[in-house]
Amino acid sequence: MSRLHLFRPRLPVFLRALTIACTVVALAAAPASASERLEILGDDPGLKRLGSEIERLAEASLGTVGVAAIHLESGRGVLLNADDQFPMASTYKVPIAVEILAQVDEGKRSLGELITMQTSDHVVTHGALSDFFDTPGSRLTIRNVLGLMLRISDNIATDLLFREAGGAEAITGRMKAFGAEGIRVDRTTRALIANWLGRDDATVARPMPPAEYNRLILEGNSSQLDEARLAELNEAFNSDPRDTATPRSMAALLRKIWKREILSEKNSALLIDIMARCQTGENRIPGALPPDTPVAHKTGTIGETTNDVGVITLPGDAGHVISVVFVKESKLPSNAAMEPVIAEIARASYDYFVFNRGTS
């Protein structure tokens, strides 16, 4: 939808301003050689052709693309820019969910535990908590907040769970403990958005008050961000190591979720079920797949970044495909223009593993 789709604010004028300010230009740097960018998992000779096709499709992003396309059951696959750090955008809500559910498994909390929304939690954004639960003292269960965070990418829900999970140290520490060292979660969505808009003074420890934050968003909505300012904001954001992941690490996390290696059977199934009912990104991983193909995924978008990560269920007994597609530094005119890149890469991976099943 927009350059701020990660946080899905209800500000179409602002979003159009961000889109208009971008111009389509050729990439300045020559791409790395295939041997530097591609990694083949397994001895299936056809995977090199899949890798070449993914590279070809990635060129349409006018940016940098990171991919993990891995057959879950056999481990065969293709990685592109596997160890580059990419802004996760809203895909970072998967690690937050994993930390919360791990704490449930440890008996530290319950899915039925109530979270109380404070006045200070309520800011301008798109989502159920912003639209319908704006009365101080509103209470929801952790299970409900988890669903809102993953299904509709609600940002207030995300920040509530970020806090409940114990913050950046707990979440990133859990990723390391679970073997996904390339994933780091650092900020609330409120801090991340404010930082992206140039307010470096906004932090998790010192969040912008709701009125000030809302004013920042509304001022951005009413002003025309010129191309130079937008480029400055994007350059700073693209080089920020916070809230980033590598394709390899995100694929490892998804694999461990689906293999029931890090969460209990009950909570693994719950997380997969919520992701299977994701209501964003219909033009991304699912966009070019055959109708009604089951996909459990999570999207994210901000600035020059458009992402989708998840697992595709193949027909019959063909298994599943982990699909991680990160796009950063794209010079396409809108995030919507980046979505076909994700869709076509997912479809190429789907087709390959449907017709080249190998051994599982």
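Use the structure listed above.
Residues numbered from 1 in each chain as written. Predicted model: local features only at pLDDT ≥ 70, side-chain atom pairs only at ≥ 80, totals over all residues. Heavy atoms only, no water.

Undergrad: Sorry, what's going on with the overall build of the chain here?
TA: In terms of helices and strands, the chain carries 14 helices and ten strands. Buried positions account for 58% of the 360 residues belonging to the chain. Contacts in the chain between residues far apart in sequence, at least 24 positions, make up 71% of those at least 6 positions apart. Put simply, the chain shows about 14,400 Å² of open surface, and 52% of that area lies on carbon and sulfur atoms. (Helix = DSSP H or I, 4+ residues; strand = E, 2+ residues; numbered from the N terminus. Buried < 20%, exposed > 50% of the residue type's maximum accessible area, 1.4 Å probe, protein only. Contact = heavy atoms within 4.5 Å. Areas by Shrake-Rupley, 256 points an atom, 1.4 Å probe, with all protein chains shown as cover.)

Undergrad: When you look at helix H3 (residues 47–58) in this model, what are you seeing that I'm missing?
TA: Every α-helix carries 3.6 residues per turn, so stepping three or four residues along brings you back to the same face. Between its first and last C-alpha, H3 extends 16 Å over twelve residues, near the 16 Å set by a 1.5 Å rise per residue. All of the buried residues along H3 are Leu 47, Leu 50, Gly 51, Ile 54, Glu 55, Leu 57 and Ala 58. Along the axis of H3, the buried residues cluster in a sector spanning 165°; they form a single face. What points out from H3, more than 90 degrees from its buried face, is the exposed set Lys 48 and Arg 49. (Expected span 1.5 Å × (residues − 1). Arc of directions from axis to C-beta.)

Undergrad: Sorry if this is basic, but what is going on with the packing of helix H4 (residues 93–105) against helix H6 (residues 142–151) here?
TA: The description of two packed helices rests on the angle between their axes and on the distance between the axes. Relative orientation of the contacting elements H4 and H6 amounts to 165°, with a least axis distance of 10 Å. One way to sum up the angle between H4 and H6 is to call them roughly antiparallel. The handedness of the crossing between H4 and H6 is left-handed. In this structure, H4 uses Lys 93, Val 94, Ile 96, Ala 97, Ile 100 and Leu 101 to contact H6, whose residues at the interface are Ile 142, Leu 146, Met 149 and Leu 150. For the contact of H4 with H6, the class distribution of residues is nine nonpolar, no polar and one charged. (Axes fitted to C-alpha atoms, helices over the stretch in contact; angles between N-to-C directions. Parallel < 35°, antiparallel > 145°, perpendicular 65-115°, else oblique. Left-handed = near helix turned anticlockwise from the far one by under 90°. Nonpolar A, V, L, I, M, F, W, Y, C, P; charged D, E, K, R; others polar.)

Undergrad: When you look at the nonpolar core in this model, what are you seeing that I'm missing?
TA: Side chains of a nonpolar character, in soluble globular proteins, are inclined to be buried together. Met 250 and Leu 253 are the most contacted members of the largest nonpolar core, which has 74 residues in total. A total of eight residues in this core trace back to one element, the largest contributor, which is H4. Setting aside residues no more than four positions away along its own chain, Leu 253 makes contact with Val 94, Pro 95, Val 98, Met 175, Ala 180, Ile 183 and Ile 262. Core analysis: the next-biggest nonpolar cluster, separate from the first, contains 32 residues, Ile 54, Val 65, Val 325 and Ala 348 among them. (Core = buried A, V, L, I, M, F, W, Y, C linked by side-chain atoms within 4.5 Å.)

Undergrad: Could you clarify how one ought to interpret the sheet that holds strand S2 (residues 64–71) in this entry?
TA: Adjacent strands of a sheet pair through backbone hydrogen bonds, lying either parallel or antiparallel. Across the sheet, which stays open at both edges, the six strands sit in the order S1-S3-S2-S10-S9-S8 with antiparallel pairing between neighbours. Single-partner strands in this sheet number two, and they are strand S1 (38–41) and strand S8 (295–302). Each adjacent strand pair in this sheet contributes to an overall mean axis angle of 10°, direction not counted. Where S2 and strand S10 (residues 320–328) come together, eight bridges link them in antiparallel fashion. Within S10, the residue paired with Ala 68 across the bridge is Val 324. Strands S1, S2, strand S3 (77–80), S8, strand S9 (305–313) and S10 of the sheet are contacted by helix H12 (residues 247–258), whose axis makes an angle of about 150° with S10. This element, helix H14 (residues 335–355), spans S2, S3, S8, S9 and S10 of the sheet and lies at about 25° to S9. (Pairing = 2+ DSSP bridges.)

Undergrad: Is there a simple way to think about the pairing of S2 in this case?
TA: A large share of S2 lies buried, amounting to seven of its eight residues. Pairing geometry for S2 and S3, over four bridges, is antiparallel. Looking at S3, one finds that Ile 70 is bridged to Gly 77. Count of turn residues in the S2/S3 antiparallel hairpin: five residues, of which Gly 75 carries a positive phi of about 80°.

Undergrad: Any chance you could explain H6 here in plain terms?
TA: With seven of ten residues buried, H6 lies mostly within the body of the structure. Of the positions making up H6, those classed as buried are Ile 142, Val 145, Leu 146, Gly 147, Leu 148, Met 149 and Leu 150. At the exit of H6 stands Ser 153, carrying a positive phi of roughly 60°.

Undergrad: Whenever I open this one, empty space enclosed by the protein confuses me. Can you help?
TA: Any empty space left between the atoms is revealed when a probe the size of a water molecule rolls over them. The tally for this structure, following the rule as stated, stands at two cavities of 30 Å³ or more. Within this model, the largest cavity holds a volume of roughly 50 Å³. Every residue lining the largest cavity is listed: Val 123, Val 124, Thr 125, Asn 155, Ile 156, Asp 159, Thr 189, Arg 190, Ile 193 and Tyr 213. Per-class residue counts for the lining of the largest cavity are five nonpolar, three polar and two charged. (1 Å grid on protein atoms, 1.4 Å probe; cavity = no way out; pocket = protein on both sides within 12 Å on 5 of 7 lines; lining within 4 Å. Points joined across faces, edges and corners; volume = space filled by probe spheres on them.)

Undergrad: Please explain the pairing of S10 as it appears in this structure.
TA: Consecutive side chains of a regular strand alternate in pointing toward one face of the sheet and then the other. Burial analysis of S10 places eight of its nine residues in the buried class, which makes it a mostly covered element. Relative to S10, S9 is paired through eight bridges, and the arrangement is antiparallel. Note on S10: the bridge partner recorded for Thr 313 is His 320. Counting the residues between successive antiparallel strands, the hairpin from S9 to S10 contains six residues, one of them, Gly 316, with a positive phi of roughly 60°.

Undergrad: Sorry if this is basic, but what is going on with the packing of aromatic side chains here?
TA: What characterises a pair of aromatic rings is the spacing of the ring centres plus the angle enclosed by the ring planes. Throughout the structure, instances matching the rule amount to two aromatic pairs. Aromatic side chains Tyr 352 and Phe 353 sit 5.2 Å apart centroid to centroid with 85° between the ring planes, which places their arrangement in the edge-to-face category. Considered together, Tyr 352 and Phe 353 belong to a single accessibility category, that of buried residues. The ring of Phe 86 is capped by Lys 328, whose NZ or CZ atom sits 4.6 Å from the centre of that ring. (Phe/Tyr/Trp six-rings, centres within 6.5 Å; stacked < 30°, edge-to-face > 60°. Lys NZ or Arg CZ within 6 Å of the ring centre and 35° of its normal.)

Undergrad: What should I look at first to understand the pattern of salt bridges in this one?
TA: For side chains bearing opposite charge, pairing can occur when the charged atoms are close. One pass over the structure, following the stated rule, counts 25 salt bridges. Arg 187 is the partner of Asp 243 in a salt bridge, and the nearest nitrogen-oxygen pair spans 2.7 Å. Residue Asp 243 is found in the loop between helix H11 (227–238) and strand S7 (244–245), and its partner Arg 187 is found in the loop between helix H8 (167–177) and helix H9 (189–196); the two are separated by 56 residues along the sequence. Accessibility expressed as a relative area gives 4% for Arg 187, which makes it buried. The salt bridge partner of Glu 265 is Arg 260, with a shortest N-O separation of 3.2 Å. (Salt bridge = Lys/Arg side-chain N within 4 Å of Asp/Glu carboxyl O.)

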